Amino acid sequence: MTARTRSSFTLSDAGREFWRHPSPWALALSFSGALTARIIVGDWQVTDVMVPAFLILTFPLTEWGIHVGILHWRPRSAGRFTLDPLLARKHREHHRDPRKIELIFIPRQTLRWLIPAAVVVPLLVSSRLGLGLTTVVTLTGIGLVYEWTHYLIHTDYKPKTSAYRAIWRNHRRHHFKNEHYWFTITTTGTADRLLSTYPDQSTVPTSRTAKNLHGVTR
C-alpha cells in the first residue's frame, strides 16, 4: 500500500477486509445462533445478568493470562521433544510481521476446537439451558470484539477517539517498544496496571527481541 492509500484507509475499508477471514464469521455465526436460541428458550433470571457481567469484567485478566502464558510461551525441551504449541508459534510469526493480516486472527486450527468448546462446555456445566446459552452468547461476543479490536489496531485505520487511541497505542507499544509489557488488547491500563506490566514508556528500553520473541528464529 502507498502512503497515500494508508492515510485514507477508512473504517469501512477495515470492515470489508475483516469479513474476508474465517474467524469473524465463525464467531459471528456462533453468536447469532446462540442468541437466537437464547431468546427462544426464555427463562430469564438474575444470573443471566450476573454471569455476563462477571465474564466481561474479568476478561482483561483472562486476556492478559492467555497472552503471557500461552501466546508468549517460550519453547521448552523435554527429552527428545520440544514443547512449542501452535498458538505460540503463530504468535511469534505475528510479532515478526505485525502487518500480515492472516497472522492477526485466531488460527483456523485453533478455531476447530475453540468454537465447539465455547459452545459445548457452558451447556454442559450450566445449571439450566438458558444460562448455558447466555454464557455462549457472552463468550462468542467477547471473542468477536477481541478479533475486531486486535485486527483494527494492526490496520492503517487511524484512531478517531481518545478511548480507541489509548488501546491502539497500548498494543503498538507491545509490538514496537517492548514485548514484556502492555499485554492487554481490548482495554488499556486494566490488567496491565494490576499486574505491573503498564510502565511509563519513557522508562522502558526498546527491546531487541520485540520482533523475535525469546530470540527464537522459527
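Here the structure is a predicted model, which means the values were calculated and not measured.

> Which residues make up the overall build of the protein chain, and what values go with them?
Per the secondary structure count, the protein chain includes 9 helices and 2 strands. In the protein chain, the succession of helices and strands from N to C terminus is α-α-α-α-β-β-α-α-α-α-α. Taken over the C-alpha trace, the protein chain has a radius of gyration of 19 Å; the compact-globule value for 218 residues is 17 Å, and the two agree within 12%. For the protein chain, the spread of C-alpha atoms along the principal axes amounts to about 55 × 55 × 35 Å. Across the 218 residues in the protein chain, those meeting the buried criterion constitute 42%.

> An account of the packing of helix H7 (residues 129-153) against helix H8 (residues 162-176) is requested, with residue identities and associated values reported.
Close contact between H7 and H8 brings their axes to 10 Å; oriented N to C, the two are set at 70 degrees. With respect to their mutual orientation, H7 and H8 come out roughly perpendicular. Along its contact with H7, which presents Thr-149, His-150, Leu-152 and Ile-153, the element H8 presents Tyr-164, Ile-167, Trp-168, His-171 and Arg-172. Class assignment of the residues belonging to the contact of H7 with H8 gives a composition of 5 nonpolar, 3 polar and 1 charged.

> Explain the UniProt feature "domain: Fatty acid hydroxylase" (unreviewed entry) in the protein chain residue by residue, including any values.
Cross-referencing UniProt, the feature "domain: Fatty acid hydroxylase" (unreviewed entry) maps to residues 54-197 in the present numbering. In the segment residues 54-197, helix accounts for 63% and strand for 4%; the C-alpha atoms at its two ends are 23 Å apart.

> Describe in detail the layout of surface pockets, supporting the description with residues and values.
Picture a little ball the size of a water molecule; that probe, rolled over the atoms, points out where space is still empty. Estimated volume of the largest pocket: approximately 1100 Å³. Lining the largest pocket are 42 residues, with Ile-106, Thr-110, Leu-114, Tyr-146 and Glu-147 positioned closest to its centre. Broken down by secondary-structure element, the contributors of at least two residues to the lining of the largest pocket are helix H3 (22-41), helix H4 (47-71), helix H5 (86-96), helix H6 (108-125) and H7. Among the residues making up the lining of the largest pocket, the classes are represented as 24 nonpolar, 12 polar and 6 charged.

> How would you explain a nonpolar patch on the surface if you had to name every residue and give the values?
A contiguous nonpolar patch, built from Val-120, Val-121, Leu-124 and Val-125 and spanning about 400 Å² of accessible area, is present on the exposed surface. Topologically, Val-121 is positioned in helix H6. Judged by its relative accessible area of 44%, Val-121 falls in the partly exposed class.

> Tell me about the packing of H4 against H5, residues and numbers included.
Interaxial distance between H4 and H5 falls to 9 Å at its minimum, and their mutual angle equals 95 degrees. Taken together, H4 and H5 sit at an angle that is classed as roughly perpendicular. Together, His-67, Ile-70 and Leu-71 of H4 and Leu-87, Ala-88 and His-91 of H5 make up the contact between the two elements. Class assignment for the residues of the contact of H4 with H5 results in 4 nonpolar, 2 polar and no charged.

> I'd love a proper account of the environment of Tyr-146, names of residues and values included.
Locating Tyr-146 in the fold gives a position in helix H7. Separated by 122 residues in sequence, Tyr-146 and Pro-24 have C-alpha atoms that sit 9.9 Å apart. Aside from chain neighbours lying at most four places away, what touches Tyr-146 is Phe-59, Glu-63, Ile-185 and Thr-186.

> Account for the confidence of the model for the protein chain, naming residues and giving values.
In the predicted model, the protein chain carries a mean pLDDT of 94, and the fraction of residues at 70 or more is 95%. The weakest mean pLDDT in the protein chain belongs to helix H1 (residues 3-7) at 56; the strongest belongs to H7 at 98.

> Could you give an account of the nonpolar core, with specific residues and numbers?
Within the largest apolar cluster, 22 residues are counted, with the highest numbers of intra-cluster contacts made by Phe-105 and Tyr-151. Among the elements of the structure, helix H2 (11-18), H3, H6, H7 and H8 are those that each provide at least two residues to this core. Ranked by residue count, the leading element in this core is H7, at 6 residues. For Phe-105, the residues in contact, after removing those within four places along its chain, are Phe-18, His-21, Ser-23, Pro-24, Glu-147 and Tyr-151.

> Please set out the side chain of Ser-207 residue by residue, giving values where relevant.
Residue placement: Ser-207 occurs in the segment after helix H9 (191-194). Of note is the side chain of Ser-207, whose polar atom sits 3.0 Å from the backbone nitrogen of Thr-209.

> Go over the pattern of salt bridges with me, naming the residues and quoting the values.
Under the counting rule described, the total for this entry stands at 7 salt bridges. A salt bridge links Arg-128 to Asp-43, with the nearest nitrogen and oxygen atoms 3.6 Å apart. Within this pair, whereas Arg-128 is found in the loop between H6 and H7, its partner Asp-43 is found in the loop between H3 and H4, the two being separated by 85 residues in sequence. Take Asp-43: its relative accessible area is 42%, and that puts it in the partly exposed class. The network of salt bridges with common partners includes Arg-38, Asp-43, Asp-48 and Arg-128.

Conventions adopted
Residues numbered from 1 in each chain as written. Predicted model: local features only at pLDDT ≥ 70, side-chain atom pairs only at ≥ 80, totals over all residues. Heavy atoms only, no water. Helix = DSSP H or I, 4+ residues; strand = E, 2+ residues; numbered from the N terminus. Rg over C-alpha atoms; globule rule 2.2 N^0.38 Å. Buried < 20%, exposed > 50% of the residue type's maximum accessible area, 1.4 Å probe, protein only. Axes fitted to C-alpha atoms, helices over the stretch in contact; angles between N-to-C directions. Parallel < 35°, antiparallel > 145°, perpendicular 65-115°, else oblique. Contact = heavy atoms within 4.5 Å. Nonpolar A, V, L, I, M, F, W, Y, C, P; charged D, E, K, R; others polar. UniProt positions renumbered as here; feature names shortened; annotations may be inferred. 1 Å grid on protein atoms, 1.4 Å probe; cavity = no way out; pocket = protein on both sides within 12 Å on 5 of 7 lines; lining within 4 Å. Points joined across faces, edges and corners; volume = space filled by probe spheres on them. Patch = residues over 30% accessible without salt bridge, like charges linked within 9 Å, V, L, I, M, F, W, Y side chains within 5 Å. Areas by Shrake-Rupley, 256 points an atom, 1.4 Å probe, with all protein chains shown as cover. Salt bridge = Lys/Arg side-chain N within 4 Å of Asp/Glu carboxyl O. pLDDT = per-residue confidence, 0-100. Core = buried A, V, L, I, M, F, W, Y, C linked by side-chain atoms within 4.5 Å. Polar contact = N/O pair within 3.5 Å; in protein donor to acceptor, adjacent residues only side chain to side chain.

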